[in-house]
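Descriptive analysis of the structure
This is what each chain is made of:
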Amino acid sequence: MTVNAPPAQRTDSEPFLILAPMRGLTDAVFRNAFADSFGGFHSAMAPFISTVSARRYKPSQLRDVLPENNRGPALIPQILSNDPEDFAALARVLFDLGYPVVNWNLGCPFRRVAGKLRGSGLLPHPDRIDAFLDQALAGMPNRLSIKTRLGRHKNNELLSLMPVFNRYPLAELIVHPRTGIQMYTGAPDLEAYGACLAATSLPVVFNGDIGDLVTFQTLSEQFPQTAGWMIGRGALANPWLPTLIRRGGRIGVPVNVETVRRFHDRLLDEYCRIFSGPAHPVDRMKGLWSYLSLSFADGRRFLKQVQKTSTVDRYRETVDRFFDTHPEWIA
Ligand SMILES: Cc1cc2nc3c(=O)[nH]c(=O)nc-3n(C[C@H](O)[C@H](O)[C@H](O)COP(=O)(O)O)c2cc1C
């Protein structure tokens, strides 16, 4: 298995696509099943692991990134921390597991994270970020990738940070062009993204609202210097989207709802095996359906039915009934 392909191995012949980290959704079970069922991504980023000051990680905290649990595309683990020494300590553990690149989550928008000066909460503090990078990079053998937003409160905070980032040999900068307080509202701010792109020679990856081929094509024409494209919700809604983008729409992607059904059944079976109690696997699957239902003609009504289920049996029955009606795929 290739644990990790550093960004330098990308080629220019086709767009480089990365599965976005989505905590509670894109875990190892999901990533493996997605790769086997649909393929399309060159790489995937794991949802964040928070550092702990004791620096002793329980097996459950690292399970998602253990190489033996990951058979999909090259994986980049992500760390959420504002402590450079704790960060470097975890990065070293990940290096020993076979990860030459790790990602720093500098974009999490949630108030309980940002309020503690983590994730997007650090963006208004360039001096702290500079000190973090200086200390963390000195203590880790891995290369560092950063995933971030335009700012916490204002859309020019990231631009002000570019001179700081430019001083470090970062593997890449992944930019979601919204502020933290925007969460996922409003449209991605493409002007601000373009300004950040122009302010650095580091590889920059675009992330945000790539939901169809046309959106991707428009963005790639507007920002040809972009080094890669990270896709989250769009691929959960239409799992063939990455393949469609890689083929540039030249060859149609054969959509077979039976493939979606098998993918779904595999996820449900694996979640039932690894989670104890009935609520957890059903909740996981409901999370997936909030995106996947968008690609079915009758998806909205079906989602409501799914949301009412609370036991695995009831859930399975509801989904089986839906697939048995040969639902229309509209993505
Ligand atoms: C449910 C959920 C969980 C997420 N978890 C993470 C995470 O663990 N780490 C991270 O950097 N971003 C996380 N994100 C943000 C996504 O990686 C991505 O930046 C965002 O969804 C925008 O990209 P998209 O429009 O392609 O989905 C999460 C987003 C959602 C909706």
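In the block above lies the structure referred to throughout.
I will try to describe carefully the structure that is included in this document.

Here we take up the overall build of the protein chain. Broken down by element type, the protein chain carries 14 helices and eight strands. For 331 residues, the compact-globule estimate of 2.2 N^0.38 gives 20 Å, and the protein chain sits close to it at 20 Å. For the protein chain, the C-alpha atoms occupy an extent of roughly 55 × 45 × 35 Å along the three principal directions. Taking all 331 residues of the protein chain together, the buried fraction comes to 54%. For the protein chain, the share of sequence-separated contacts (at least 6 apart) that also reach a separation of at least 24 residues comes to 75%. Looking at the protein chain as shown, the accessible area adds up to about 14900 Å², and 51% of this sits on carbon and sulfur atoms. Averaging the positions of the 38 positive and the 31 negative side-chain charges in the protein chain gives two centres separated by 5 Å.

Turning to the site of the ligand, a few remarks are in order. With respect to spatial proximity, 18 residues lie near the ligand, and among them P21, Q78, N207, D209 and R233 are the closest. Take D209: an N or O atom from its main chain is 2.7 Å from an oxygen atom of the ligand. Between the ligand and R233, the relevant distance is 2.7 Å, taken from an oxygen atom to a side-chain nitrogen or oxygen of the residue. Relative to its unbound accessible area of 610 Å², the ligand is 86% covered by the protein chains.

Time to look at the packing of aromatic side chains. In the structure shown here, the tally under the stated rule is 25 aromatic pairs. Measuring from centroid to centroid gives 5.0 Å for F38 and F263, while their planes differ by 75°, and the two rings are edge-to-face. Here F38, found in the loop between α1 (28-37) and β2 (43-50), pairs with F263, found in helix α11 (residues 257-274); they are 225 residues apart in sequence, far enough to count as distant. Across this residue pair, the class does not change: F38 and F263 are buried. Clustering of aromatic rings is evident, with ring pairs tying together F30, F34, F38, F41, W240, F263, W289, F296, F302, F322, F323 and W329.

So, on to the state of the cysteines. Under the criterion given, the structure shown has zero disulfides. Distance from the sulfur of C196, which forms no disulfide, to the nearest cysteine sulfur (C108) is 19 Å.

Another point: the environment of R55. One can find R55 in the loop between β2 and α2 (59-62). Not counting residues within four places of it along the chain, the set of residues in contact with R55 comprises E85, D86 and A89.

We now examine the environment of P109. Secondary-structure assignment places P109 in the loop between β4 (101-106) and α4 (111-114). Spatially, the C-alpha atom of P109 lies 9.1 Å from that of Y184, the residues being 75 residues apart in sequence. When near neighbours in sequence (up to four residues on either side) are disregarded, P109 contacts S120, R149, R152, G180 and M183.

Taking 1.5 Å per residue, 13 residues should reach 18 Å; helix α3 (residues 84-96) reaches 18 Å between its end C-alpha atoms and fits that length. Within α3, the full set of buried residues consists of P84, D86, F87, A88, A89, L90, A91 and L94. The N-terminus of α3 is capped by D83, whose side-chain oxygen sits 2.9 Å from the backbone nitrogen of E85. Count one or two residues on from α3 and you reach G98, which has phi positive near 115°.

Turning to the pairing of strand β3 (residues 74-80), a few remarks are in order. Two faces make up the sheet, and in a regular strand the side chains alternate between them. In terms of burial, β3 is a largely internal element, seven of the seven residues being buried. The side-chain alternation of β3 yields two buried faces, one formed by A74, I76, Q78 and L80 and the other by L75, P77 and I79. In this sheet, β3 lies alongside β2 in parallel orientation, the contact comprising six bridges. Within β3, the residue paired with A44 across the bridge is L75. Handedness of the crossover joining β3 and β4 through α3: right-handed.

Reading the values: the criteria
Residues numbered from 1 in each chain as written. Predicted model: local features only at pLDDT ≥ 70, side-chain atom pairs only at ≥ 80, totals over all residues. Heavy atoms only, no water. Helix = DSSP H or I, 4+ residues; strand = E, 2+ residues; numbered from the N terminus. Rg over C-alpha atoms; globule rule 2.2 N^0.38 Å. Buried < 20%, exposed > 50% of the residue type's maximum accessible area, 1.4 Å probe, protein only. Contact = heavy atoms within 4.5 Å. Areas by Shrake-Rupley, 256 points an atom, 1.4 Å probe, with all protein chains shown as cover. Lys, Arg positive; Asp, Glu negative; His and termini not counted. Charge placed at Lys NZ, Arg CZ, Asp CG, Glu CD. Near = heavy atom within 4 Å. Polar contact = N/O pair within 3.5 Å; in protein donor to acceptor, adjacent residues only side chain to side chain. Phe/Tyr/Trp six-rings, centres within 6.5 Å; stacked < 30°, edge-to-face > 60°. Disulfide = S-S within 2.5 Å. Expected span 1.5 Å × (residues − 1). Pairing = 2+ DSSP bridges. Right-handed = clockwise from strand over helix to strand, strands pointing away.

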